[in-house]
Amino acid sequence: MINKSKSSNLDFLNGDEAVAYGAKLCRPHVIPVYPITPQTIVVERISEFVANKLMDCEYIHVESEHSAMCAAMGASLVGARAFTATSSQGLAYMHEMLHYVSGSRFPIVMMNANRTLAAPWNIFGDQRDSLAQRDTGWIQVYVENGQEALDMIIQAYAIAEDDRVYTPVMVNIDGFVNTHTYELVDIPQQKDVDEFLPPFKSRNAIDFNHPRSFCMTASTEWNMEFRFQQQQAMDNAKKVIEEVDKKFGDKFGRYYGGLVEEYRCADAEVLLVGMGSIIGTIRIVVDKMRDMGLKVGLVKLRFYRPFPLEYFKGLSTRVKAMGIIDRDISFGYEGAVASDIKSALASSWFCSKVINFIAGIAGRDITKEHIEKMYNKLFSLTQGHDEKELQFIGLRW
Amino acid sequence: MAKPQIVKFKFPESLEEMPLGPSAAAGILTEPNAGWRVQRPVIDHPKCTKCLLCWVLCPEGVIGKENEQLTIDMNYCKGCGLCAHECPKDAITMVQEGEADDQ
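Here's a quick rundown of the structure.

### Some remarks on the interface of chain B and chain A
Link 1 in the chain: With 11 residues of chain B in contact, the opposing surface of chain A contributes 17 residues.
Link 2 in the chain: Here the side of chain B that touches chain A is built from residues that sort into seven nonpolar, four polar and no charged.
Link 3 in the chain: Two strands pair when backbone bridges link them, and strand β10 (residues 212–214) of chain A and strand β1 (residues 23–25) of chain B are joined in this way by three bridges, in the antiparallel orientation. Bridging across to β1(B), A:Arg212 finds its partner in B:Ala25.

What follows is the structure, given as structure tokens:
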């Protein structure tokens, strides 16, 4: 991270409060939210902002997290900017609606306080809750501290609402270690945020003059094309994330580096990769070991989706060994982050001749012709031709 | 009576023409919607006094008038039988679809 900020409005905030300030600065029209530890302070602060007329928004005290996401979607559907926040069991409870929101392309922003899932029940942190939502089609970013949490709420809207993206963003912040830890946080000026983040003008809204049907059925003949669009949007997001990071840095002085941030990696022999609050601790250890002359480095994985595939492919030739810290485990295999990174490394390394065929989505036929086409693409690879690593098979166009 | 017109839906012809998420303009009727009717009403015109109670009660608004005779728009009649049930002259009977050619 590069910090050129001339912090003028420092306050002593915990991570949840930083998120609440971030949300306030984005001027959301509707906030449907349900409290859950360790996200509760976000809800409390926002409700205070609204009660004290410091925020002009519709605050809905919903009856569940599932309802929270439904209400957020309804708000987005009429062109409102929507915000919500949750954690752990609450995130799991709204799982169904996460798919609805991303599939319907509503650029909602949500904070998730990372907390483990029951059972055994526990309120403290790990990242199994959000990593388990990997395939819901949400952009996922993991932040290191309260300042980054505040800044990423603002950036999240800029990313989500970009014409090339139109995909919801989940800002993940480690429960307690970040949500309840106080630090000095620079609260940007409202006028600067207004300049950075213009009012939301939805491309995907209904009004009385433009009645539309939403979230409707798409038959087998049409469904897969919508999925292809979502994948395209995620690919586009990689570029948009870098652009927004630069634009944010130019405005507020803090550059986070986009999809990943390297810390003392240039000549590193061994690297650790991590996400979230642990990054701060690793930085300290890296500094200590560097002082001892050990060539260690740190890669802060900021975005889990879209995944920085190209970055990790490039990393494979640079270091002798790499450690991946997973605050989760996919039982029966390994940590989710490790799987993705190893896959990226492998695709540029010892098994570069693999094609991932995406096929048969929502009942789309996988025909004998498709199978033959797949084999022929593999032959094409063996003959030295270039083939894309990820290919949708059976699209209409 | 003004009925919605049947409009031919234009399907996307390229990825660029796909909507942003599964959505489309509302209020477009792509086909008549009475295909699920089991019984249909048949008017006995000599019995009919044209009191228009059926016109008032029909939930789908399919009762019309042509040459001083009541008509039923079978494209939109759902076959609920309310008209037959309420007709004070018993001038409307419900007949099984496919069993009577008589309108």
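### Some points on the nonpolar core
Link 1 in the chain: Formed by 98 residues in total, the largest nonpolar core has its most connected members in A:Val19, A:Val109, A:Ile153, A:Ile159, A:Val169 and A:Val171.
Link 2 in the chain: Counting residues per element, this core draws most heavily on helix α7 (residues 146–160) of chain A, which supplies 10 residues.
Link 3 in the chain: Split by domain, this core shows at least three residues from each of two domains, domain 1 (2–255) and domain 2 (260–347) of chain A.
Link 4 in the chain: For A:Val19, the contacting residues outside a window of four places in its chain are A:Val42, A:Ala85, A:Met111, A:Ala149, A:Leu150, A:Ile153 and A:Ile173.
Link 5 in the chain: Formed by 12 residues, the second largest nonpolar core is a distinct cluster that contains B:Val62, B:Ile72, B:Cys83 and B:Cys87.

### Structural notes on the sheet that holds strand β8 (residues 169–174) of chain A
Residues and elements named next belong to chain A.
Link 1 in the chain: Read across the sheet, five strands follow the order β5-β6-β8-β7-β15 without closing on themselves; strand pairing throughout is mixed. The strands lining the two open edges of the sheet, one partner per strand, are β5 (83–87) and β15 (303–305). Adjacent strand axes in the sheet meet at a mean angle of 25°, parallel and antiparallel pairs treated alike.
Link 2 in the chain: Note: strand β7 (residues 139–142) against β15, two bridges, orientation antiparallel. Looking across to β15, one finds that valine 141 is bridged to phenylalanine 303.

### Some remarks on unusual backbone geometry
All names here are of chain A.
Link 1 in the chain: Between alanine 118 and alanine 119 the backbone carries a cis peptide bond, its omega angle lying at -5°.
Link 2 in the chain: Position of alanine 119 relative to the elements: it lies in the loop between β6 (109–114) and α6 (128–131).
Link 3 in the chain: Cis geometry marks the peptide bond from arginine 305 to proline 306, where omega comes out at -5°.
Link 4 in the chain: For proline 306, the location among the structural elements is in the loop between β15 and α11 (309–315).
Link 5 in the chain: Phi is positive for arginine 27, which is not a glycine, with a value near 50°.
Link 6 in the chain: Structurally, the position occupied by arginine 27 is in the loop between α1 (15–25) and β3 (30–33).

### Digging into helix α2 (residues 40–51) of chain A
Residues and elements named next belong to chain A.
Link 1 in the chain: Between its first and last C-alpha, α2 extends 16 Å over 12 residues, near the 16 Å set by a 1.5 Å rise per residue.
Link 2 in the chain: The complete set of buried residues in α2 reads Ile41, Val42, Val43, Arg45 and Ile46.
Link 3 in the chain: Against β2 (10–14), α1, β3, β4 (58–61), β5 and β6 lie the buried residues of α2.

### A few points about the sheet that holds strand β13 (residues 270–274) of chain A
Residue and element names in this part refer to chain A.
Link 1 in the chain: The sheet built from four strands is open, its strands ordered β12-β14-β13-β16 with mixed pairing. Both outer strands of the open sheet, β12 (260–263) and β16 (321–324), are each paired with one neighbouring strand and no more. With direction set aside, neighbouring strand axes in the sheet form an average angle of 20°.
Link 2 in the chain: Looking at chain direction, β13 and strand β14 (residues 296–301) are connected through five bridges and run parallel. Bridge pairing in β14 links leucine 271 to glycine 297.
Link 3 in the chain: Running at roughly 165° to β14, helix α10 (residues 278–291) makes contact with β12, β13 and β14 of the sheet.

### Digging into the packing of α7(A) against helix α9 (residues 220–252) of chain A
Residue and element names in this part refer to chain A.
Link 1 in the chain: Between α7 and α9, whose axes approach to 10 Å, the crossing angle comes to 130°. In terms of orientation, α7 and α9 fall into the oblique class. Between α7 and α9 lies a crossing of right-handed hand. Between α7 and α9, the contacting residues are Asp151, Gln155, Ala158 and Ile159 on the first element and Ala237, Val240, Ile241, Val244, Asp245 and Phe248 on the second.

Rules used throughout
- Residues numbered from 1 in each chain as written.
- Chains lettered and ligands numbered in written order.
- Predicted model: local features only at pLDDT ≥ 70, side-chain atom pairs only at ≥ 80, totals over all residues.
- Contact = placed C-beta atoms within 7 Å.
- Nonpolar A, V, L, I, M, F, W, Y, C, P; charged D, E, K, R; others polar.
- Pairing = 2+ DSSP bridges.
- Helix = DSSP H or I, 4+ residues; strand = E, 2+ residues; numbered from the N terminus.
- Core = buried A, V, L, I, M, F, W, Y, C linked by C-beta atoms within 7 Å.
- Buried ≥ 20, exposed ≤ 12 C-beta atoms within 10 Å, placed from the backbone.
- Domains from an automatic or database assignment.
- Axes fitted to C-alpha atoms, helices over the stretch in contact; angles between N-to-C directions.
- Expected span 1.5 Å × (residues − 1).
- Parallel < 35°, antiparallel > 145°, perpendicular 65-115°, else oblique.
- Left-handed = near helix turned anticlockwise from the far one by under 90°.

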